[in-house]
Amino acid sequence: MLQPLRILFRPKWMVSRSSASYVSRMRHLNKIKEEDEACRAALQSGNIFLYHKLAPLLRWTDSGIYQLPALQTKDVEEILEKLGGDKEMVKESILINCTEQNEAQFSFDVGAIDQAAVEEQCRGTFVDLRKAFFLLRGSEAPLVARGQALLRWHQTNGFCSSTGQPTQRNQSGSQRVCHSSGITYYPKMSPVVIVLVSDGKRCLLGRQSTFPRGMYSALAGFCDIGETMEEALRREIAEEVGLEVESIQYSGSQHWPFPQSSFMVACHATVNPDKTHVSVDKEELEDAQWFSLEEVQEALTIKVPPRNNKGEPTVFWVPPSYAIANRLIQEWANQQHLKS
Ligand SMILES: NC(=O)C1=CN([C@@H]2O[C@H](COP(=O)(O)OP(=O)(O)OC[C@H]3O[C@@H](n4cnc5c(N)ncnc54)[C@H](O)[C@@H]3O)[C@@H](O)[C@H]2O)C=CC1
Ligand SMILES: [Mg+2]
């Protein structure tokens, strides 16, 4: 039988923010998301994060870390004019969030404007998102991913899939409408379950042939339409490794921008310790193996795996801390530690 879901941890945001300021911020954000006039006003005093062909602009700071530079709207207008663009383009910025001080945050792709010239003007570098996600700290990594996900969605949803007519966005970019069919389109995410299976002593990790050498992760799969999360999880484990899950515990969730927006729901699951024979579906996975606590603890200490002369990692390692798979593995190791 499946166990009822149980929250295993209290995320920081649940305890650290005062509810009054959080409520007012969320209401402010919702207003500028829904009301075009309010959003235009917010853009005038807001912060803009720049992208070039969906690669975010990062800046190396004096304190020796990469940062996501927040530009003022008038600065972006100036840069656009200076580099031969139209300053009105800034109105295409997309709302992504707002700061603790209620300043709206937007993402904007400079498009055809020369990359090197923008980099020089902004004293930064456009970096591929996979790299940027790794280089940024704290809340900047999910923020930059969200900004890119929204820009990508707008770039690929310019036409109605029913009529073929152009769709029009609202000012914040929270939706697009086809005025011919009346269909409203909203940014889309694909729900994915990611699960760390345990037999009580070991945990099961797998790898796809596209993963970097030596890296094993928790098993994951897209939910099918009409499935519950629990059904998707049980099906994926049965399909990919031929095991039947006995219990499930919810752990947390994450927006994952690669290759496109997925909504990752992370869980722990157990199997009967007498039924642990793994039969890998080679279409889906290159390999899946049971790992001991000692092996997992060792892998968790590896920040950058050692590499051979072809640049390939030479040891067993697990996804980095920004991936929710890492948190599942860390949580499992902590629990095993408490048991022993
Ligand atoms: N954040 C994290 O820690 C981790 C994230 N992931 C992510 O989880 C996702 C799913 O994992 P997989 O094992 O690849 O899934 P999967 O086991 O469902 O296999 C992928 C296949 O599912 C099909 N599919 C069904 N719906 C799809 C959709 N909406 N989008 C794309 N393909 C769809 C496609 O045929 C695709 O080849 C991947 O995008 C991966 O990047 C995976 C491991 C760790
Ligand atoms: Mg999978």
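The structure displayed is predicted, hence computed values, not measured ones. (Residues numbered from 1 in each chain as written. Chains lettered and ligands numbered in written order. Predicted model: local features only at pLDDT ≥ 70, side-chain atom pairs only at ≥ 80, totals over all residues. Heavy atoms only, no water.)

1. Describing the layout of surface pockets
To be explicit about the condition: Using a grid of 1 Å spacing that covers the protein atoms alone, one calls a set of points a cavity when a 1.4 Å probe fits there but cannot get out, and a pocket when the set is open and has protein on both sides within 12 Å along at least five of seven lines; lining residues are those with an atom within 4 Å of a point. Grid points are joined across faces, edges and corners, and a volume is the space filled by probe spheres set on the points. Each helix is a run of DSSP H or I of at least 4 residues and each strand a run of E of at least 2, with the numbering of both proceeding from the N terminus. Charged means Asp, Glu, Lys or Arg here, nonpolar means Ala, Val, Leu, Ile, Met, Phe, Trp, Tyr, Cys or Pro, and polar covers whatever is left, Gly included.
Taken as a whole, the second largest pocket encloses approximately 1100 Å³ of empty space. Together, 40 residues line the second largest pocket, and Arg130, Phe211, Met215, Trp256 and Pro319 are the ones closest to its centre. Where the lining of the second largest pocket is concerned, the elements lending two or more residues are α6 (129-135), β11 (190-198), β12 (203-207), β13 (219-222), β14 (247-256), β15 (262-270) and α10 (324-339). No other element matches the 4 residues that β13 contributes to the lining of the second largest pocket. Looking at side-chain class alone, the lining of the second largest pocket contains 26 nonpolar, 7 polar and 7 charged residues.

2. Comments concerning the confidence of the model for the chain
The predicted coordinates of low-pLDDT regions are not to be read in fine detail. Selection rule: The predictor attaches a confidence to each residue, called pLDDT, with possible values from 0 through 100.
Considering every residue of the chain, the mean pLDDT works out to 93; 94% of them sit at 70 or more. Across the assembled chains, the prediction reports ipTM 0.96 with pTM 0.90.

3. Thoughts on the sheet that holds strand β10 (residues 184-185)
Two pairing modes exist for strands in a sheet, parallel and antiparallel, and in both the strands are linked by backbone hydrogen bonds. This is how the line gets drawn: For two strands to be treated as a pair, DSSP must find no fewer than two bridges joining them.
Pairing is antiparallel across the open sheet formed by 3 strands, whose spatial order is β8-β9-β10. This sheet does not close on itself; its edge strands, each paired only once, are β8 (168-169) and β10. Relative to strand β9 (residues 176-177), β8 runs antiparallel, the two being bridged by 2 bridges. Bridge assignment links Gln168 to a residue of β9, and that residue is Val177.

4. Side note on the coordination of the magnesium ion (ligand 2)
Put simply, the rule is: Sodium, potassium and calcium take a 3.2 Å donor cutoff, other metals 2.8 Å, and in both cases only N, O and S atoms count; water is not among them, so sites may look incomplete. The buried label goes to any residue with under 20% of its type's maximum accessible area, the exposed label to any with over 50%, and the partly exposed label to all in between, with areas taken from a 1.4 Å probe on protein chains only.
Coordination of the magnesium ion (ligand 2) by the protein comes from Ala220 (O) and Glu240 (OE), over a distance range of 2.1 to 2.2 Å. Within this pair, whereas Ala220 is found in strand β13, its partner Glu240 is found in helix α8 (residues 229-241), the two being separated by 20 residues in sequence. The buried category is assigned to Glu240, whose relative accessible area is 4%.

5. Comments concerning the site of ligand 1
The line we're drawing: Neighbouring residues are identified by heavy atoms, a residue being near a molecule or strand if any of them is within 4 Å of it. Think of a polar contact as two N or O atoms within 3.5 Å of one another; within protein, one of them needs to be a possible hydrogen donor and the other a possible acceptor, and neighboring residues in sequence only count if both atoms come from side chains. Method for areas: the Shrake-Rupley scheme with a 1.4 Å probe, in which residue coverage is limited to the protein chains shown. Pocket occupancy is defined atom-wise: a molecule lies in a cavity or pocket when more than half of its atoms are within 2 Å of its grid points.
Among the 19 residues in the neighbourhood of ligand 1, the closest are listed as Gln208, Ala220, Phe222, Glu240 and Ala325. Taking Glu284, its side chain carries an N or O atom lying 3.1 Å from an oxygen atom of ligand 1. In the complex, the protein chains occlude 63% of the 860 Å² of accessible area that ligand 1 would expose alone. In a pocket analysis with a 2 Å cut-off to the grid points, ligand 1 is assigned to the second largest pocket.

6. Describing the packing of helix α9 (residues 293-300) against α10
How two helices sit against one another is set out by the angle between their axes and by the gap between those axes. Worth spelling out the cut-off: The axes used here are C-alpha line fits, helices contributing only the stretch in contact, and every angle between their N-to-C directions lies in the interval 0 to 180 degrees. Our angle categories are set so that under 35 degrees counts as roughly parallel, over 145 as roughly antiparallel, 65 to 115 as roughly perpendicular, and the remainder as oblique. Take the far helix as the reference: if the near one is turned anticlockwise from it by less than a right angle, the crossing is left-handed, and if turned clockwise, right-handed. Contacts: residue pairs with any heavy atoms within 4.5 Å of one another.
Packing of α9 against α10 leaves a shortest axis separation of 10 Å and a crossing angle of 135°. The pairing of α9 with α10 is recorded here as oblique in orientation. Seen from above, α9 lies across α10 with left-handed handedness. From α9, Leu293, Val296, Gln297 and Leu300 reach across to α10, where they touch Asn326, Ile329, Gln330, Trp332, Ala333, Gln336 and His337. When its residues are assigned to classes, the contact of α9 with α10 shows 6 nonpolar, 5 polar and no charged.

7. A closer look at the packing of aromatic side chains
Our working definition: Aromatic rings from Phe, Tyr and Trp, with only the six-membered ring used for Trp, were paired whenever their centres fell within 6.5 Å, and each pair was classed as stacked if the ring planes differed by under 30 degrees, edge-to-face if by over 60, and tilted otherwise. Remark: a charge is flagged as sitting over a ring if the NZ atom of Lys or the CZ atom of Arg is within 6 Å of the ring centre and within 35 degrees of the ring normal.
One pass over the structure, following the stated rule, counts 10 aromatic pairs. A ring pair is formed by Phe133 and Phe258, whose centres lie 5.6 Å apart and whose planes are at 90°; its orientation type is edge-to-face. One end of the pair, Phe133, is in helix α6; the other, Phe258, is in the loop between β14 and β15, with 125 residues separating them in the sequence. The class for Phe133 is buried, based on a relative accessible area of 4%. Chaining the aromatic ring pairs together yields one cluster made of Phe133, Phe134, Trp256, Phe258 and Tyr322. Taking NZ or CZ as reference, Arg130 lies 4.2 Å from the ring centre of Phe258, over its face. Arg207 extends its terminal NZ or CZ atom over the ring of Tyr216, reaching a point 5.9 Å from the ring centre.

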